[in-house]
Amino acid sequence: MIKIFNTLTRRKEEFVPLEDKRVNMYTCGPTVYDFFHVGNARVFITFDVIRNYLQFRGYDVRFVQNFTDIDDKMIKRASEEGVAVKELGDRFIEEYFKDADALGIKRADIHPRATEHIGDIIETIKILVEKGYAYEADGDVYYEARKFKDYGKLSHQNLDELEAGARVEPGEKKRDPMDFALWKAQKPGEPAWESPWGKGRPGWHIECSVMSMKYLGETIDIHGGGPDLIFPHHENEIAQSEAATGKTFARYFMHVGYLNINNQKMSKSLGNFFTVRDILKKYDPEVLRFFMLSSHYRSPINFSEDLMRQARSALERLYNTLYAMEHLEKTAKDARCLDEEEYLIALRQNRERFIQNMDDDFNTADAISVLFDIAREFNLKMSMLSQKAISQTAESLLELGRVLGFFYKFGNGELLDDEIQKKIEERQRARKDRNFALADRIRDELKEKGIILEDTPTGVRWKRLN
RNA sequence: GGCGGCAUAGCCAAGUGGUAAGGCAGAGGUCUGCAAAACCUUUACCCCCAGUUCGAAUCUGGGUGCCGCCUCCA
């Protein structure tokens, strides 16, 4: 039984999708005006794992993540750079996929763009106006928060409390500070589309309501995003969607914890801002993924180079084990000895434990510890295992690791080229002749080329330097 | 002012009523031509005080410290 912490109820609930074995999920993607940062990455990686895991558990997952390609930030950046908003969006969508691919974040089934759904957005706004939830004011259209009786149910605030802290920008034509824009009238130089209220563009919140419902239906199973989306973004999505349809918008809302720098929120003004693009210059993307998944997704985590180095060492340990398995799979003789029943039972139990941990609100930290347990058991007993047991272990470790998005680069037919293979043989001859100077020189040479040699009782084992 | 989160070894981090997973780093050891990897051993008054309980890191109350949301933000 999978349990999910639902922001709506603030508790872990048993996960029961609307349709048996089918899950519809939507997450709010990036605004494509720049490269994405490590905080964004945490959200994308988290939902990538959740999606993988649900599939692993046999669900048919339909996953949608949008691109916000029209809003204030887009307009501002485009004009700064002297390019069209469309051009800016195209460019950073491309850059998004470069980073996401590197991090092993799989593509959503659909990545809709706001600007390609203007017609749908207008239709939904029309419905909200007709139903009396929205009003036009001078070319703008606002949603009247007070009309929606459940407003605040996600962020657990009531309107009066929210209103006390609300800020009204001068020049806004809202009737109430808590009202928010569904449609904004065009300002000079801004991109705009024709609408019943004149030329303009959509507000931020409406796009997600519209695209979620268009591709996944009026009621979806899981809606997620970053922690600061709870209010107002997701609150507003609920208000818009549920007012329009009269149905529950999303049954489980999931929010990822913050990624902090020195225990503080990352912000451009503090200068503690890291893009994924920058970090990948120094660290393997898989290390970043490992680092993120070492903590529970809802806990705040701190990002630092020291922690990245710790993550790198830890991941390396798993890889060492994988290399050892690969090596032994080739050299192990069958009928090794020992009763390996017990070992295989423990392996199965570990696999079960992994599932239990992940079932419990996707506890990746616990799940990772199982990976290490499997590795230790194997390292301890590897010289006594049959080929079959070794293969089974490798299979399990790879299978479970890949649910978390690890090990994708492993074992895809990386063959040593002949030249390197010859060097290894040459070194073996030198070792036999006790010409250790030559042997060490060859080992160093290969290291230069990124190939690490390790001598073991069953022969030379090699791995690629990361 | 309203709402919420966190505090576990040198560092990171699970655990949420039965006496502390896992990783990194350190020390010692085994193995080894050397190296590497691996394995073994070793390191915790679970922020403080009071309470509930046969029993609390885990529940309750009160402190202390840190962080967040309520405003564009993942």
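Preceding block: the structure.
Residues numbered from 1 in each chain as written. Chains lettered and ligands numbered in written order. Predicted model: local features only at pLDDT ≥ 70, side-chain atom pairs only at ≥ 80, totals over all residues. Heavy atoms only, no water.

Chemist: I keep staring at the pattern of salt bridges and nothing clicks. Help me out?
Modeler: Pairs can form between side chains of opposite charge once their charged atoms are near each other. The tally for this structure, following the rule as stated, stands at 47 salt bridges. Residue Arg146 pairs with Asp176 through a salt bridge whose shortest N-O separation is 3.5 Å. One end of the pair, Arg146, is in the loop between strand E6 (140-143) and helix H5 (159-165); the other, Asp176, is in the loop between H5 and strand E7 (180-185), with 30 residues separating them in the sequence. Bridged by salt links that share partners, the residues Asp34, Lys76, Arg77 and Glu80 form one connected network. (Salt bridge = Lys/Arg side-chain N within 4 Å of Asp/Glu carboxyl O. Helix = DSSP H or I, 4+ residues; strand = E, 2+ residues; numbered from the N terminus.)

Chemist: Where do I start with the nonpolar core in this structure?
Modeler: Most often, soluble globular proteins keep nonpolar side chains buried together rather than apart. Counting 134 residues, the largest nonpolar core has Leu54, Phe362 and Phe407 as its most contacted members. Each residue touching Phe407, except ones within four places of it in the same chain, is listed here: Glu286, Leu315, Leu318, Tyr319, Leu322, Leu397, Leu398, Gly401 and Arg402. Ile424, Ile442, Val460 and Trp462 belong to the second-largest nonpolar core, a separate cluster that totals 9 residues. (Core = buried A, V, L, I, M, F, W, Y, C linked by side-chain atoms within 4.5 Å. Buried < 20%, exposed > 50% of the residue type's maximum accessible area, 1.4 Å probe, protein only. Contact = heavy atoms within 4.5 Å.)

Chemist: Would you explain the sheet that holds strand E12 (residues 264-265) in this entry?
Modeler: If you walk across this open sheet you meet the 3 strands as E12-E11-E13, and the pairing is mixed. A strand with exactly one partner marks an edge of an open sheet, and here the two such strands are E12 and strand E13 (301-303). Where strand E11 (residues 259-261) meets E13, 3 bridges bridge the pair, whose relative direction is parallel. Pairing of Asn260 across the sheet is with Asn302, part of E13. (Pairing = 2+ DSSP bridges.)

Chemist: Just checking my understanding: could you explain the packing of helix H6 (residues 204-216) against helix H7 (residues 230-245) for this structure?
Modeler: How two helices sit against one another is set out by the angle between their axes and by the gap between those axes. At their nearest, the axes of H6 and H7 sit 8 Å apart, and the two run at 55° to each other. It follows from the interaxial angle that H6 and H7 lie oblique. Crossing hand, H6 versus H7: right-handed. Contacts from Trp204, His205, Ile206, Cys208, Ser209 and Met213 in H6 reach Pro232, His233, Asn236, Glu237, Gln240, Ser241 and Thr245 in H7. (Axes fitted to C-alpha atoms, helices over the stretch in contact; angles between N-to-C directions. Parallel < 35°, antiparallel > 145°, perpendicular 65-115°, else oblique. Left-handed = near helix turned anticlockwise from the far one by under 90°.)

Chemist: Sorry if this is basic, but what is going on with the protein's contact with RNA strand B here?
Modeler: Not every one of the 55 residues close to RNA strand B is listed here, only the nearest: Trp204, Gly226, Lys265, Asp366 and Arg443. At the protein interface, 69% of the atoms of RNA strand B within 4 Å belong to sugar or phosphate. Asn40 is positioned such that a nitrogen or oxygen atom in its side chain is 2.7 Å from a sugar or linking oxygen of RNA strand B. Asp440 has a polar side-chain atom sitting 2.7 Å from a base nitrogen of RNA strand B. Of all the elements in the fold, those that place two or more residues in the surface near RNA strand B are helix H1 (38-56), H5, helix H10 (305-331), helix H12 (364-381), helix H14 (418-432), helix H15 (436-448) and strand E14 (451-456). Sorting elements by how many residues they give to the surface near RNA strand B places H12 first, with 8 residues. By residue class, the composition of the surface near RNA strand B is 17 nonpolar, 20 polar and 18 charged. (Near = heavy atom within 4 Å. Polar contact = N/O pair within 3.5 Å; in protein donor to acceptor, adjacent residues only side chain to side chain. Nonpolar A, V, L, I, M, F, W, Y, C, P; charged D, E, K, R; others polar.)

Chemist: Got a minute to help me understand empty space enclosed by the protein in this structure?
Modeler: The gaps of empty space that remain are located by a probe, the size of a water molecule, rolled over the atoms. What the rule picks out here adds up to 2 cavities of 30 Å³ or more. Taken as a whole, the largest cavity spans an internal volume of roughly 60 Å³. Phe44, Phe47, Asp48, Arg51, Phe63, Gln65, Tyr96, Ile105, Lys106, Ala108 and His111 are the residues that line the largest cavity. Listed by contribution, the elements that provide at least two residues to the lining of the largest cavity are H1 and strand E4 (60-65). Ranked by residue count, the leading element in the lining of the largest cavity is H1, at 4 residues. Looking at the lining of the largest cavity, its residues break down into 6 nonpolar, 2 polar and 3 charged. Roughly 40 Å³ of volume is contained in the second largest cavity. Around the second largest cavity, the lining residues are Thr46, Val49, Ile50, Leu293, Tyr297, Phe362 and Thr364. For the lining of the second largest cavity, the element with the most residues is H1, which contributes 3 residues. Each of two domains, domain 1 (17-256) and domain 2 (287-403), supplies a minimum of three residues to the lining of the second largest cavity. (1 Å grid on protein atoms, 1.4 Å probe; cavity = no way out; pocket = protein on both sides within 12 Å on 5 of 7 lines; lining within 4 Å. Points joined across faces, edges and corners; volume = space filled by probe spheres on them. Domains from an automatic or database assignment.)

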